[in-house]
Amino acid sequence: MALPVKTPKPILSLDAALDRVVEGDCIERMMSLPPGCADLVFADPPYNLQLKSELRRPDNSQVDAVNDNWDKFASFAEYDKFTRQWLAAVKHVLKDTGALWVIGSYHNIFRVGAALQDLDFWVLNDIIWRKANPMPNFKGTRFTNAHETLIWATKNPEQKYTFNYEAMKALNDDLQMRSDWDIPICSGKERLKKDNGEKVHSTQKPESLLYRVVVASTKPGDVILDPFFGSGTTGAVARKLGRHFIGIERDHEYASAARQRIAAVEPAPDECLQTNKSKRAEPRIPFGWVVERGLLPPGTVLHGTQKRHKAKVRADGTLVCADATGSIHQMGAHVQGAPACNGWTFWQYEQNGKLIPIDVLRQQLRASIS
């Protein structure tokens, strides 16, 4: 279901907004930007916590809870209307290959998720951010609220999007990254404080959380837009990792703190920003290219694992064995009696008495193309 939103003529050029904190209403500011200007939107909207009274510890000291005016809405209907409006504006600024991350608690994330789907966003994952050091439930009337939920979504189910799978695997000791993330809440030196010791922002997110989001779903040079910029965590991480940012924040005090924080960030060297590429993102190399470029001439004998099987390379890039011919994959499956086989990793050639996977030659060709 598309929500009609009047699109004003752009009054903010991309150059005027790039790597800056833009003050003002997030909906108006997003709609004033050129369409399709952002590769990623990270949104940390008001949670609508609906606090009815002060929260106190057992010793009667007051808890520094979220009671800011920006988190107060008159009704669920008002919150839902606001949610649909800013999500519609997100669709305006996102590229057709762009994606959205939105974070929330049990107070709002289900309403946001429903609005996402009503507006035809396509949900890729929900991520559970498990807080390693959550605030206790002081009243003892409920479970300790130890997690928040992130939704990762695209504009539609058919589009391409960035997912740096290999980078996430590398961050996780070469294991697939799961959808439950153990990350501490923002504390210590990272937490921005005023001169009187109070928090600058009540819901400042940890940089490690944004680091994972940014590395997972953007490339160096991409533009990340945050419509609820707050104390500038998104901008700080973007600057550190060689991405551009657009921060929208209506509170001048938050915006000033964010600018000061980001200015102090030291960007990582360009040569350190690249991540392991997904194999799907690498150029396709047919085995025939290996043959025609003389890396494995026709007649070369290839061996399977431990030399139990062998086949010869033919001029057209197929293999021939005693009773069949076919591609490296077909012949790898045939000699093993298997339904399928990755011929690149199965077949090996002999060099100086050692067996070397033919995939090494594929990687050489990829490197020469790059």
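Before going into details, it helps to say that this report is about the structure given with it.

Thresholds applied
Per chain, residue numbering runs from 1 following the sequence as it is written. Reporting in this predicted model follows two pLDDT cut-offs: at least 70 for local features of residues, and 80 or more for side-chain atom pairs to be given and counted; totals over whole chains, interfaces and linings ignore these cut-offs and use all residues. Side-chain numbers here rest on the full set of heavy atoms in the structure, without hydrogens or water. Helix and strand assignments follow DSSP, with helices taken as H or I runs no shorter than four residues and strands as E runs no shorter than two, numbered in order from the N terminus. Each residue's exposure class comes from its accessible area (1.4 Å probe, protein chains only) as a fraction of the maximum for that residue type: buried when under 20%, exposed when over 50%, partly exposed otherwise. Whether two residues are in contact is decided by their heavy atoms: any pair within 4.5 Å suffices. Using a 1.4 Å probe, accessible areas were evaluated by the Shrake-Rupley method; residue-level cover was limited to the displayed protein chains. Stacked, tilted and edge-to-face pairs are distinguished by plane angle, under 30 degrees for stacked and over 60 for edge-to-face with tilted covering the rest, among Phe, Tyr and Trp rings (Trp via its six-membered ring) whose centres lie within 6.5 Å. Consider the ring centre and the ring normal. A charge sits over the ring if Lys NZ or Arg CZ is within 6 Å of that centre and within 35 degrees of that normal. In this description, the arc belongs to the directions extending from the helix axis to the C-beta atoms.

## Thoughts on the overall build of the protein
A tally of helices and strands in the protein yields 12 helices and 14 strands. Counting all 370 residues of the protein, 45% fall into the buried class. Summarising the internal contacts of the protein: among those between residues at least 6 apart in sequence, 67% fall at separations of at least 24. By element, 50% of the accessible surface of the protein is carried by carbon and sulfur atoms, the whole surface being about 20,000 Å².

## A look at the packing of aromatic side chains
In this structure the tally under the stated criterion is 11 aromatic pairs. Both rings, one in tryptophan 101 and one in tryptophan 152, keep their centres 5.4 Å apart while their planes meet at 15°; by these two values the pair is stacked. Separated by 51 residues along the polypeptide, tryptophan 101 in strand S3 (residues 94–104) and tryptophan 152 in strand S5 (residues 147–154) bring together distant segments of the chain. Residue classification places tryptophan 101 among the buried residues on the basis of a relative accessible area of 2%. Between the aromatic rings of tryptophan 152 and tyrosine 161, the centroid separation amounts to 5.6 Å while the plane-to-plane angle is 90°, which identifies the pairing as edge-to-face. For tyrosine 161, a relative accessible area of 38% gives the class partly exposed. In textbook terms, an aromatic cluster arises when at least three aromatic residues are bridged by ring pairs, as seen for Trp101, Trp152, Tyr161, Phe163, Tyr165 and Trp181. A cation sits over an aromatic face here: lysine 91 above phenylalanine 121, 5.0 Å from the ring centre. We note arginine 212 situated over the ring of tryptophan 181; from NZ or CZ to the ring centre the distance is 5.0 Å.

## Some words on unusual backbone geometry
Unusually for a residue other than glycine, aspartate 19 sits at a positive phi of about 60°. Judged by relative accessible area, which is 35%, aspartate 19 ranks as partly exposed. The backbone phi angle of aspartate 173 is positive, close to 60°, even though this residue is not glycine. Mapped onto the secondary structure, aspartate 173 falls in the loop between helix H5 (165–171) and strand S6 (180–183).

## Observations regarding helix H12 (residues 359–369)
Taken together, the buried positions of H12 are occupied by Asp359, Leu361, Arg362, Leu365 and Arg366. Along the long axis of H12, the arc covered by the buried residues comes to 155°, so they all point the same way. H12 presents Ala367 and Ser368 as exposed residues on the side facing more than 90 degrees away from its buried surface. In this structure, the buried side of H12 is in contact with helix H9 (287–292), helix H11 (343–346), strand S13 (348–351) and strand S14 (354–357).

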